[in-house]
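Okay, here's what each chain looks like letter by letter:
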Amino acid sequence: MESTAMYAFSVNGNPITYDGEDKKLLRFLRENLNLTGTKDGCSEGACGTCTVLVDGVKMKACAISLSRLQGKSVTTIEGLSEREKEVYAFCFAEAGAVQCGYCTPGMIISAKSLLDTNLKPSFEEVRKAIKGNICRCTGYKKIEQAILMAAEYLREERAVPTEEEEPRLDKRYRRIDAEPKALGKGLYADDIRIPGMLYGKAVRSAYPRARVVSVDATKAIQHPDFVRLFTSDDVPHNIIGHVKQDWPVFIPIGSVTRYTGDAICLVVGRSVESLEHLASLVQVSYEVLEPVLDIHKALEIDSPKVHEDGNLLSLEHIKRGNVDEAIKQSKHVITKTYTTPYTEHAFMEPECAVALPEGEQGVLVHTSGQSIYDEQHEICEMLQLPQEMVHCHSMLVGGGFGGKEDMSVQHHAALAAWILKQPVKVKLSRQESLTVHPKRHPMEIELTTACDENGRLTAMKAIILANTGAYASLGGPVLQRACTHASGPYNFQNFEVLGKAIYTNMVPAGAFRGFGVTQSCFAVESNINLLSDAVGMDYYQFRRLNALKSGDTMPNGQIAGVDTGIIECLEAVKDAYYASPRAGIACGFKNSGLGVGFPDTGRCILSIEQGIVHIRTSAACMGQGVATVCIQMLGQTCSLSSDQIVVEDPDTTRTPDSGTSTASRQSVFTGEAVRRAAIKLNEELKKHTLQELEGREFSGEYTSITDPINSTKEHPVSHVAYSYSAQVVILDEQGKLEKVVAACDVGQVVNHQALTGQIEGGVTMGLGYGLTEDFPIEEGQLKVRYGTLGLLRSTDVPPIEVHLVEGPGKHPIAYGVKGVGELTTIPTAPACQNAYYRYDGKFRTSLPLEGTAYRKEKS
């Protein structure tokens, strides 16, 4: 038992006297004072979400103890003056500096620490001021602009504008959630406070592959805070899974673990303070077994089986044209093997869920995932309950990027609350999050690319091996997308890909921004660089010659639509490419929607309640701003003003299923559903006022019709829309990043700040993927912490110049909008590869690139 003491200090001008155990300031602010605007992103002093001021000096609340605060003054986001709140909220919203919002209060506190003493900062001073704060969404550019704008408003004592643009397409329109997120008022799952809350924590496997021999909770049971231990015996149906059911809720005694993130049991206690200790008191004994850690060994006949049905999760074989003959007849042929690593989403908000009993036998789960209906489905399966007895509601989501599509804590919280009939919170520590949730797939890609003497592509052939880790997650669909997009946005007809997703005893791999295309694009674009050399063309000319145009037959057989804009993207970056001998170029494309024959539907209900139009859709916002897109779609169609519209939280009792926020689909699918519902509403508004329509509901639904991946049609439709991007990465004379120019064809622009912010954030993530980020695992054990992931900080990111272009026409869905969320991460790493190839002549075939200013060559 820790000794207690008396601590006296002030928080936001209020004197505080605390008689108790010493603890970190972050825990005290959140749990004792309920000041939840200060966020817990890592509790390691690495991310900056918990930044506060102590006697005017910025500090990380997770790193300072109460014993160091005697007589000091603490300021949190809640302690800003009304003038400061007004200015920072407006400037961050106007600049588009708020996406998921989890980092924003900490960013504003860092900004305040600068502006309190310097109201005329330089751009470099602003960058340095937020160096200690990580943002995974924005790429920092919008945040830097917001701080400079705030300095101007405070310096010149300017009044904050109160007028707002009407919600229409192609506008600068402030996000509806920007102010509550910026000021720490918006609630994420960990911000929920319920009297009598219990807390749960999973005990996880100590080994990547081991038989669980016994679980002994004797010591934990003796602890005064202990409530209950849950094992597989308590679970009505112990196997769940997002696409394939292969993931145990808990590993039963006698069964074998598949990775170190496997949950053996769940301990529930009365205090969050003692929870870690409670879990450590549960003793698990194992019979350690040899793990399967290599994809090639996993495919060997005598390899241990990760799953009973073998180590091959899925196999894809796509073939169009006579590939071997085309390669044989080609003037130039390049064959290379490329490797890409695991990488971590590093969303700012660790996974958290709060569940509580609802009705006699039901359960309500407050979540922070990417689809409330996916969560409901898996919880229903686990508890063997009908759909109406599992109620899922989404809180704000602090980033996702694909990493919150699988169950992580939701099912554990639901199980405990359902059995105990009490509210239960389950939250992953940052290290648990790194251990548990699926990552970007490591891939090994053998690629052959061929062209004729004039540089026209003739054929491409690939073998893609994807390490999908311990469980299926989204491994099958990710492999599909890596295969279908292995052609690049180019015009040729002979195309063959063999892909395998392979189980190992490593951390699972699943959805991650780019969804397999980031990996295959790196190989495709790198091979094109060598073909360009062989032909004697420069890298821009080769891509321009082969770029798809409207009416071309794509390698998958689909006819390129009138909205195909890769040529326009290339034209937009041409000057940047030729401006420097150290400029690297790459192209990429990405589908919108699930496609390839899978059912895919967006849904919306517009209900008129007290003279206000309620937009009801389950589309999850992880930071991309789908709620604001819906408002602008509705405003465009019905000529409504902002004060006539609200967007409800995703909730399975109120909002229809609009599918998972994945595959860059929500702006297209839910946007079109909103448009269709709005057309019906608009017809009625021609005859009635909103008040006269009180109680009416207008439904909209859009379902895409696509063909299966191996359709025998001459011209199948694989996806309803594709977005395109060309990027140029420029290095300085020392080989460091000087500038990035990104041109994107994402169709109709909806919101300028949100769109360019998504592009800047995607490019920044792509730079990290190409240059700095890694996720080392040795013998199945993680060798990384949040602070060592290689995430880029504000001072690492070069200027990013964005060009928005469109193809010659628009596709007919959702006013011609196309997805952007994943697109802009895809060409960045290969553009870096090309830049360094031009810089030093070394041709690199693995990520992150080695022998650069950012990463040394491995010995």
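Residues numbered from 1 in each chain as written. Predicted model: local features only at pLDDT ≥ 70, side-chain atom pairs only at ≥ 80, totals over all residues. Heavy atoms only, no water.

1. As for the overall build of the protein chain
What the protein chain contains, in helices and strands, is 21 helices and 31 strands. Taking the principal axes of the C-alpha coordinates as reference, the protein chain spans close to 80 × 70 × 60 Å. Look at the contacts in the protein chain between residues 6 or more apart in sequence, and 79% of them connect residues 24 or more apart. For the protein chain, the computed accessible surface area is about 29600 Å², with 49% contributed by carbon and sulfur atoms. Charge-centre separation for the protein chain: the mean point of 87 positive side chains lies 3 Å from the mean point of 105 negative side chains. (Helix = DSSP H or I, 4+ residues; strand = E, 2+ residues; numbered from the N terminus. Contact = heavy atoms within 4.5 Å. Areas by Shrake-Rupley, 256 points an atom, 1.4 Å probe, with all protein chains shown as cover. Lys, Arg positive; Asp, Glu negative; His and termini not counted. Charge placed at Lys NZ, Arg CZ, Asp CG, Glu CD.)

2. What about helix α1 (residues 25-32)?
In terms of residue burial, α1 counts as a mostly covered element, since 6 of its 8 residues are buried. Just past α1, the residue N34 takes up positive phi, approximately 55°. (Buried < 20%, exposed > 50% of the residue type's maximum accessible area, 1.4 Å probe, protein only.)

3. Details of the packing of aromatic side chains
In the structure shown here, the tally under the stated rule is 22 aromatic pairs. Aromatic side chains Y577 and Y578 sit 5.0 Å apart centroid to centroid with 80° between the ring planes, which places their arrangement in the edge-to-face category. Under the relative-accessibility criterion, Y577 is labelled buried at 2%. Ring geometry for F589 versus Y724: centroids 6.1 Å apart, planes at 15°, classification stacked. With F589 in strand β22 (residues 583-592) and Y724 in strand β27 (residues 721-731), this pair connects stretches of sequence that are 135 residues apart. A relative accessible area of 1% places Y724 in the buried class. Here R665 stacks its cationic end above the ring of F669, 5.0 Å away from the centre of that ring. The cationic tip of R675 hangs over the ring face of Y815; the distance from NZ or CZ to the ring centre is 5.6 Å. (Phe/Tyr/Trp six-rings, centres within 6.5 Å; stacked < 30°, edge-to-face > 60°. Lys NZ or Arg CZ within 6 Å of the ring centre and 35° of its normal.)

4. Details of a nonpolar patch on the surface
Side chains of L299, L312 and L315 sit close together on the surface and give an oily, nonpolar patch of about 240 Å² of accessible area. Locating L315 in the fold gives a position in strand β13 (residues 312-320). Residue L315 is classed as partly exposed on the basis of its relative accessible area of 45%. (Patch = residues over 30% accessible without salt bridge, like charges linked within 9 Å, V, L, I, M, F, W, Y side chains within 5 Å. Salt bridge = Lys/Arg side-chain N within 4 Å of Asp/Glu carboxyl O.)

5. Concerning the side chain of T756
Topologically, T756 is positioned in helix α20 (residues 752-771). In this structure T756 comes out as buried when scored by relative accessible area, which is 15%. Here the side chain of T756 touches H752 through a polar contact of 2.8 Å, landing on its backbone oxygen. The residues contacting T756, other than those within four sequence positions of it, are K142, V802 and L804. (Polar contact = N/O pair within 3.5 Å; in protein donor to acceptor, adjacent residues only side chain to side chain.)

6. Here's the deal with α20
Taking 1.5 Å of rise per residue, 20 residues should cover 28 Å, and α20 covers 28 Å from first to last C-alpha, within 8% of that figure. Counting buried positions along α20 yields 19 of 20 residues, so the element is predominantly enclosed. (Expected span 1.5 Å × (residues − 1).)

7. Re the sheet that holds β22
Taking strand neighbours across the sheet as the criterion, the 4 strands line up as β22-β27-β28-β31 in an open arrangement whose pairing is mixed. At either margin of the open sheet sits one strand with a lone partner, and together these are β22 and β31 (800-805). Across the sheet, the mean angle from the axis of one strand to that of its neighbour is 15°, orientation sign disregarded. Bridge count between strand β28 (residues 737-745) and β31: 6 bridges; the pairing is parallel. Paired with V741 across the strands is E801, a residue of β31. (Pairing = 2+ DSSP bridges. Axes fitted to C-alpha atoms, helices over the stretch in contact; angles between N-to-C directions.)

8. Describing the environment of C352
Tracing the backbone through its elements, the reader meets C352 in strand β15 (residues 352-358). Excluding residues within four positions of it along the chain, C352 makes contact with A189, D190, H366, T367, S368, V409, K425, V426 and K427.

9. Let's talk about the state of the cysteines
In the structure shown here, the tally under the stated rule is 0 disulfides. Cysteine C100 is unpaired, with the sulfur of C137 as its nearest cysteine sulfur at 3.8 Å. With a relative accessible area of 2%, C100 lands in the buried category. In this model C604 remains outside any disulfide bridge; the closest cysteine sulfur is found in C630, 6.3 Å from its own. (Disulfide = S-S within 2.5 Å.)

10. So, unusual backbone geometry
Here the bond from L847 into P848 is cis, since omega is -10°, no more than 30 degrees from zero. By the element assignment, P848 lies in the segment after α21 (828-840). Unlike most non-glycine residues, D55 shows phi in positive territory, near 50°. Structurally, D55 is set in the loop between β3 (51-54) and β4 (57-60). For D55, a relative accessible area of 44% translates into the label partly exposed. Although it is not a glycine, Q384 adopts a positive phi angle of roughly 55°. Following the sequence through the fold, Q384 ends up in the loop between α11 (372-383) and β17 (390-394). A relative accessible area of 48% means that Q384 is categorised as partly exposed.

11. Considering the environment of T76
Note that T76 resides in the loop between β5 (73-75) and α2 (82-95). C-alpha separation for the pair T76 and L29, spaced 47 residues apart in sequence, amounts to 8.9 Å. Ignoring anything within four residues of it in the chain, the contact list for T76 reads V11, N12, L29, L35, T38, V52 and I109.

12. Looking at the sheet that holds strand β25 (residues 645-647)
An order of β25-β24-β23-β26 is seen for the 4 strands of this open sheet, with the pairing classed as mixed. Where the open sheet ends on each side, the last strands, each with one partner, are β25 and β26 (697-703). Within the sheet, the average angular offset between the axes of one strand and its neighbour, ignoring direction, is 20°. In the sheet, strand β24 (residues 612-616) pairs with β25 via 3 bridges, with the strands oriented parallel. Among the inter-strand pairings, V613 is bridged to a residue of β25, identified as I645. Each of β23 (601-609), β24 and β25 is contacted by helix α18 (residues 626-638), which is oriented at about 150° to β25, the strand it contacts most.

13. Some points on the pairing of strand β20 (residues 457-469)
Most of β20 sits out of view: 11 of its 13 residues are buried. In terms of strand pairing, strand β19 (residues 443-451) meets β20 through 9 bridges, oriented antiparallel. Within β20, the position partnered with L447 by the bridge is A462. Counting the residues that bridge the hairpin from β19 to β20 gives 5 residues, and of these G455 lies at a positive phi of roughly 95°. Across 10 bridges, β20 lies against strand β21 (residues 494-503) in parallel orientation. Directly across from I463, in β21, lies its bridge partner L498. For the handedness criterion, the β-α-β arrangement of β20, helix α14 (residues 475-484) and β21 is classed as right-handed. (Right-handed = clockwise from strand over helix to strand, strands pointing away.)

14. So, the pairing of β21
Burial analysis of β21 places 8 of its 10 residues in the buried class, which makes it a mostly covered element. Here 8 bridges tie β13 to β21, and the two strands are oriented antiparallel to one another. Opposite S314, over in β21, you have A501 as the bridge partner.

15. Focus on the pattern of salt bridges
All told, the structure shown has 57 salt bridges when counted by the stated rule. Close ionic contact of R603 with E701 constitutes a salt bridge, the shortest N to O distance being 3.2 Å. Pair noted here: R603 is in strand β23 and E701 is in strand β26, with a separation of 98 residues, a long-range link. In this structure R603 comes out as partly exposed when scored by relative accessible area, which is 27%. In this structure, a network of salt bridges that share partners links the residues R27, R30, E31, K39, D40, D190, D191, R193, K425 and K427.

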